[in-house]
Amino acid sequence: MTDQKQKRNVVSSLIFTFPDDDTSKPKVALFRRSDKVRTYPHHLAPISGNIGSTDKDPLTAAWRELHEETTLTPRNLTLWRIGKPFTFSDSTLNREWTVHPFAFKLKPASQGGQGESAIHTDWEHESWEWHDPASIVDDEAFGGVPRLHETLRRVFPECEMDERAAEALARGLERLQQDHKSGAHELTGIALAIFRDVIAQTHEIDEGFWRMARMAAWHLVKNGRESMGAATLNALLSILVELDEILNQSTGTEQEQKRDRILSTIDAYIANRKANTTRVKETFTSYIQTTFLTTEPKRDRITILTLSASSTTRNIILDAFAALDIPTLELRILESRPLFEGATLASSIYSRFQSQFGSTDKKLDIKIYTDAAAALAAQNIDIVLLGADRICSSKGVSNKTGSLPLMLSAKHVAPSAKVLVLSQLEKVVGEDGILEDKVEDNDPEEVFSAWRNERVEGTQVLEDSLPSSKIETNNSATVQVKNIYFEWVPLTLVDAFVSDEGVLNETTIKNKSQQLEKLGSKYFDDL
């Protein structure tokens, strides 16, 4: 009888550098392990280590190992991508490894970093060198640790893709990561266009195509804007269902015919999403009509309070107003710091009203409030209207930070007001862990920029006090500026979920969540 395998959860962090900011052709750093380490001495490897009992999560362990083995910190590194974990056994060591891969970008001087001069290895490594990702293979001649290529492809699937398809995915992921203006619905449209481009640029619809397509979809969800990825996950899973059928039904079909069917399927889905927005508007209009406009005396005004710049909210409010027999819409909007999306929303709605409703008897009354004035803004309102970036049967609704204080304020000062979540059904997510419930703590510079523009006294003192890394120091006084974009709102605070499939209840949401979980497991578990 053999001894039971020792199981280890480890992190494996690949460091990339990008010449001339070309995201499609990076180099990756590999470190040659010294003879002082117990496993795989003299082999080339990423920065790796065990996930300790005190590590909050794998990413925390990755940052710790990077600092211990190279002295690198967030001052010189940026988390670039998260890879899908995988498990393998090494019979020579009688161990089973579960690897959590991460990819980091090395910051050049132009981005405030020190480039490769910031790398100082410890005793665990005897040297390090840059490699072309295409040269990294899993064989003894290359001299890497076991499953090195597997680790690489999970954070950099481009290494197994046609060159133009790889460029399309790399550019697309970069675009999604940097887009802090588009709403979740718009981001999903962008992600679908990227996925279509990747498929169109892939030469062969062969045995490896199906894995490539699923891995590209997984990365668009996880490494685009994960916090806003619910709609993208739903949309891509729906497309994968149809692609699965096409590939199974078209054995022996010419490649161009398969490609044309696949691209036509994606195009049809994209077109249908536009119709979904129309159905949301119709449901919203019907809800207002039956809830507020069927009693006497006849009302002359509806007052709605909202925040942020949800594209669904922006596109539907005026369409619903036009369809209703009511002369005045009073729209109250919170400014939504630090990027002031509420002001952007107000400007967009005002401009559209002026161009499309100027000759009618309709009247639009917009009032913009500071975020801190949520309770004042909620007085005597009829509706609190929120978008959604994610809807989960157990956690509630994830939306722009400020949503929960707004709803609680409204419940207190305007208890008769209805709290509505306006969202396509594609925002519902499962409980499977594809989308992690992590805090998206964004760049404090966005907050500092607002303070600088207003010449807030003490801004420079606060900037100077910020630590240069996430590594704890012995300072007795510390300063952190938190720029968290999203928060969860319990389902119990919501009166109605207005969607493209009617007004939803918790049972509908739960059923959709379970369905999505099964699809996610089917198409992503074996990657």
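The preceding data block contains the structure.
Rules behind the numbers
- Residues numbered from 1 in each chain as written.
- Predicted model: local features only at pLDDT ≥ 70, side-chain atom pairs only at ≥ 80, totals over all residues.
- Heavy atoms only, no water.
- Helix = DSSP H or I, 4+ residues; strand = E, 2+ residues; numbered from the N terminus.
- Rg over C-alpha atoms; globule rule 2.2 N^0.38 Å.
- Buried < 20%, exposed > 50% of the residue type's maximum accessible area, 1.4 Å probe, protein only.
- Contact = heavy atoms within 4.5 Å.
- Areas by Shrake-Rupley, 256 points an atom, 1.4 Å probe, with all protein chains shown as cover.
- Lys, Arg positive; Asp, Glu negative; His and termini not counted.
- Charge placed at Lys NZ, Arg CZ, Asp CG, Glu CD.
- Polar contact = N/O pair within 3.5 Å; in protein donor to acceptor, adjacent residues only side chain to side chain.
- Core = buried A, V, L, I, M, F, W, Y, C linked by side-chain atoms within 4.5 Å.
- Phe/Tyr/Trp six-rings, centres within 6.5 Å; stacked < 30°, edge-to-face > 60°.
- Lys NZ or Arg CZ within 6 Å of the ring centre and 35° of its normal.

Of the regular secondary structure elements, the protein holds 14 helices and 18 strands. Compactness check: the protein gives a C-alpha radius of gyration of 26 Å against a globular reference of 24 Å for 527 residues, within 12% of the reference. Dimensions of the protein along its principal axes, counting C-alpha atoms only, are 85 × 70 × 50 Å. Counting over 527 residues, the protein shows a buried share of 53%. Sequence-distant contacts in the protein: of pairs separated by 6 or more residues, those separated by 24 or more amount to 77%. Of the roughly 24800 Å² that the protein leaves accessible, carbon and sulfur atoms contribute 47%. In the protein, 61 positive and 78 negative side-chain charges are present, and the distance between their average locations comes to 3 Å.

Our next topic: the side chain of Asp 365. By the secondary structure assignment, Asp 365 is in strand β11 (residues 363–369). Side-chain polar atoms of Asp 365 contact the side chain of Lys 367, separated by 2.8 Å. Those residues in contact with Asp 365 that lie beyond four places of it in its chain are Arg 301, Leu 329, Glu 330 and Leu 331.

With that settled, consider the nonpolar core. Grouped together as the largest cluster of nonpolar side chains are 52 residues, with contacts concentrated most on Phe 195, Val 198, Ile 199 and Phe 524. When residues of this core are traced back to their parent elements, those giving at least two are α3 (163–178), α4 (184–200), α5 (207–222), α6 (230–249), α7 (255–292) and α14 (506–524). In this structure, Tyr 287, Ile 316, Leu 329 and Leu 420 belong to the second largest nonpolar core, which totals 31 residues.

Right, let's talk about the packing of aromatic side chains for a bit. Summed over all chains, the structure comprises 14 aromatic pairs. Where Phe 16 meets Phe 156, the ring centres are 5.6 Å apart and the plane angle is 45 degrees; that geometry is what we call tilted. Within this pair, whereas Phe 16 is found in strand β1 (residues 6–17), its partner Phe 156 is found in the loop between α2 (148–155) and α3, the two being separated by 140 residues in sequence. On the accessibility criterion, Phe 156 (4% relative accessible area) is buried. Between the aromatic rings of Trp 80 and Phe 156, the centroid separation amounts to 6.3 Å while the plane-to-plane angle is 40 degrees, which identifies the pairing as tilted. Note that Trp 80 is positioned in strand β5 (residues 77–82) and Phe 156 in the loop between α2 and α3, a separation of 76 residues in sequence. Assigned by exposure class, Trp 80 and Phe 156 land together as buried. In this structure, Arg 81 packs its charged tip against the face of Trp 80, placed 4.1 Å from the ring centre. Taking the ring centre of Phe 18 as reference, the NZ or CZ of Lys 105 above it sits at 4.9 Å.

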